[in-house]
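Structural description and commentary
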Amino acid sequence: MVEILDAKTREKLCFLDKVEPQATIAEIKNLFTKTHPQWYPARQSLRLDPKGKSLKDEDVLQKLPVGTTATLYFRDLGAQISWVTVFLTEYAGPLFIYLLFYFRVPFIYGHKYDFTSSRHSVVHLACICHSFHYVKRLLETLFVHRFSHGTMPLRNIFKNCTYYWGFAAWMAYYINHPLYTPPTYGAQQVKLALAIFVICQLGNFSIHMALRDLRPAGSKTRKIPYPTKNPFTWLFLLVSCPNYTYEVGSWIGFAIMTQCLPVALFSLVGFTQMTIWAKGKHRSYLKEFRDYPPLRMPIVPFLL
């Protein structure tokens, strides 16, 4: 038997009297939904303590520290949206927005510049690199990534899109501006930056493929990621989240290529956020795996 209480008010929401000891939290959520259809499983957080952590869907009732009648506490996570939808929305926006500035559609730079083209080759190269990055992200979302969580709160999509779309518009405005000036060191600077960008993009894709192969389709199994025969994955020897390392490297390359302050700020903000994510994942690895490689750092080899 399972008793479900509201985590805030302690009000009894449901009493399930036909729950097998072998039932999982996911199955209990489905039973709860039958009595409260407005709270579909993805919106539900069930806990052993009102202020405790959410139980995992795969947790089995009889393995939890509960008595004959289990008391679980419910919190509403709010309206949910699939991660795939979130990523597609986040990444399609910058791709489309950047191209509006690149093609200089009307009402951006003034009538005499409508649908004109920049005379600087680096502007065209930057557009190719930016578009490649987001097309790659869209394709990875559809065909590579395997998400451990199917949904996220709907409110997050507005915050994430503001970040990605806003920075895309800001950097695109300056890079494609009629008064834009090329990098100080000319072709040499652009070539070096392009090499950094391409290497990091290949590295990022290689890491995503390696992480995909760690988790079979439909599984939530977690394993320690190790380097493969692909040299780009050897960064796993030094950091826990080399996908973030390569991602930051790509944007540093793009910033050097364009010599544009908004790109540099985007790189800095992205690095700060990815460092937070990497530290969290690193701590999770250390907690879950006793034999986790001790030399690894979260995102920057030997430093951070």
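Predicted model only: the values in this text are computed from it and were never measured.

**Here's the deal with the packing of helix H3 (residues 121-143) against helix H4 (residues 155-175)**
Two elements in contact, H3 and H4, have axes separated by 11 Å at closest approach and are oriented at 165°. On the basis of the axis angle, H3 is roughly antiparallel to H4. Read as a crossing pair, H3 and H4 show a hand that is left-handed. Taken together, the residues of H4 that come into contact with H3 (itself represented by Val123, Ala126, His130, Tyr134 and Arg137) are Tyr164, Met171 and Ile175. For the contact of H3 with H4, a count of residues per class yields 6 nonpolar, 1 polar and 1 charged.

**Quick look at the side chain of aspartate 6**
With respect to the secondary-structure elements, aspartate 6 resides in strand S1 (residues 2-6). For the buried aspartate 6, no salt bridge exists, and the shortest N-O distance to an oppositely charged side chain is 6.6 Å, to arginine 10. At 2.7 Å, the side chain of aspartate 6 and the backbone nitrogen of lysine 8 are in polar contact. Beyond its immediate chain neighbours, meaning those up to four positions away, aspartate 6 contacts Glu11, Leu13, Tyr73 and Phe74.

**Re the packing of aromatic side chains**
Throughout the structure, instances matching the rule amount to 25 aromatic pairs. Between tyrosine 285 and phenylalanine 289, the ring centres sit 6.3 Å apart and the planes meet at 35°, which makes this aromatic pair tilted. Classification of tyrosine 285 as buried rests on a relative accessible area of 7%. An aromatic cluster is built from Trp83, Phe87, Tyr91, Tyr134, Tyr163, Tyr164, Phe167, Trp170, Phe197, Trp251, Phe254 and Phe266, whose rings are joined through pairwise contacts.

**Notes on the pairing of strand S4 (residues 70-76)**
Note: S1 against S4, 5 bridges, orientation parallel. Across the sheet, leucine 5 pairs through a bridge with tyrosine 73, a residue of S4. Note: strand S3 (residues 44-47) against S4, 4 bridges, orientation antiparallel. Looking at the pairing, leucine 46 lines up with phenylalanine 74 of S4.

**Considerations on the nonpolar core**
Tyr98, Met171, Ile175, Phe254, Met257 and Val263 are the most contacted members of the largest nonpolar core, which totals 36 residues. Sorting the residues of this core by element identifies helix H2 (83-102), H3, H4, helix H5 (186-214), helix H6 (242-258) and helix H7 (261-288) as the ones contributing at least two each. Broken down by element, this core gets its largest block of residues, 8 residues, from H2. Residues contacting valine 263, with those up to four places away along its chain left out, are Met171, Ile175, Trp251, Phe254, Ala255 and Thr258. Counting 18 residues, the second-largest nonpolar core is a separate cluster that includes Ile25, Phe32, Leu55 and Phe74.

**Quick word on the sheet that holds S3**
Read from one edge to the other, the open sheet built from 4 strands follows the order S2-S1-S4-S3, with strand pairing classed as mixed. Each of the sheet's edge strands pairs with one partner strand only, and the pair in question is strand S2 (12-16) and S3. Recorded for the sheet is a direction-independent mean angle of 25° between the axes of neighbouring strands. As judged from the 4 bridges shared by S1 and S2, these two strands associate in the antiparallel manner. Note on S2: the bridge partner recorded for glutamate 3 is phenylalanine 15.

**Concerning the UniProt feature "transmembrane region" (unreviewed entry) in the chain**
Per the UniProt record, "transmembrane region" (unreviewed entry) is annotated on residues 81-103, 162-180, 192-211 and 252-277. In residues 162-180, helix accounts for 74% and strand for 0%; the two terminal C-alpha atoms are 25 Å from one another. Along residues 252-277, the helical share is 92% and the strand share 0%, with 19 Å between the first and last C-alpha atoms.

**Digging into the pattern of salt bridges**
Under the counting rule described, the total for this entry stands at 4 salt bridges. Of the charged contacts in the structure, one is a salt bridge between aspartate 76 and arginine 43, with a shortest N-O distance of 2.7 Å. Taken together, the positions of aspartate 76 in strand S4 and arginine 43 in the loop between helix H1 (25-35) and S3 put the pair 33 residues apart, joining distant regions of the chain. Residue classification places aspartate 76 among the partly exposed residues on the basis of a relative accessible area of 37%. The class of arginine 43 is buried, set by a relative accessible area of 17%.

The rules we used
- Residues numbered from 1 in each chain as written.
- Predicted model: local features only at pLDDT ≥ 70, side-chain atom pairs only at ≥ 80, totals over all residues.
- Heavy atoms only, no water.
- Axes fitted to C-alpha atoms, helices over the stretch in contact; angles between N-to-C directions.
- Helix = DSSP H or I, 4+ residues; strand = E, 2+ residues; numbered from the N terminus.
- Parallel < 35°, antiparallel > 145°, perpendicular 65-115°, else oblique.
- Left-handed = near helix turned anticlockwise from the far one by under 90°.
- Contact = heavy atoms within 4.5 Å.
- Nonpolar A, V, L, I, M, F, W, Y, C, P; charged D, E, K, R; others polar.
- Buried < 20%, exposed > 50% of the residue type's maximum accessible area, 1.4 Å probe, protein only.
- Lys, Arg positive; Asp, Glu negative; His and termini not counted.
- Salt bridge = Lys/Arg side-chain N within 4 Å of Asp/Glu carboxyl O.
- Polar contact = N/O pair within 3.5 Å; in protein donor to acceptor, adjacent residues only side chain to side chain.
- Phe/Tyr/Trp six-rings, centres within 6.5 Å; stacked < 30°, edge-to-face > 60°.
- Pairing = 2+ DSSP bridges.
- Core = buried A, V, L, I, M, F, W, Y, C linked by side-chain atoms within 4.5 Å.
- UniProt positions renumbered as here; feature names shortened; annotations may be inferred.

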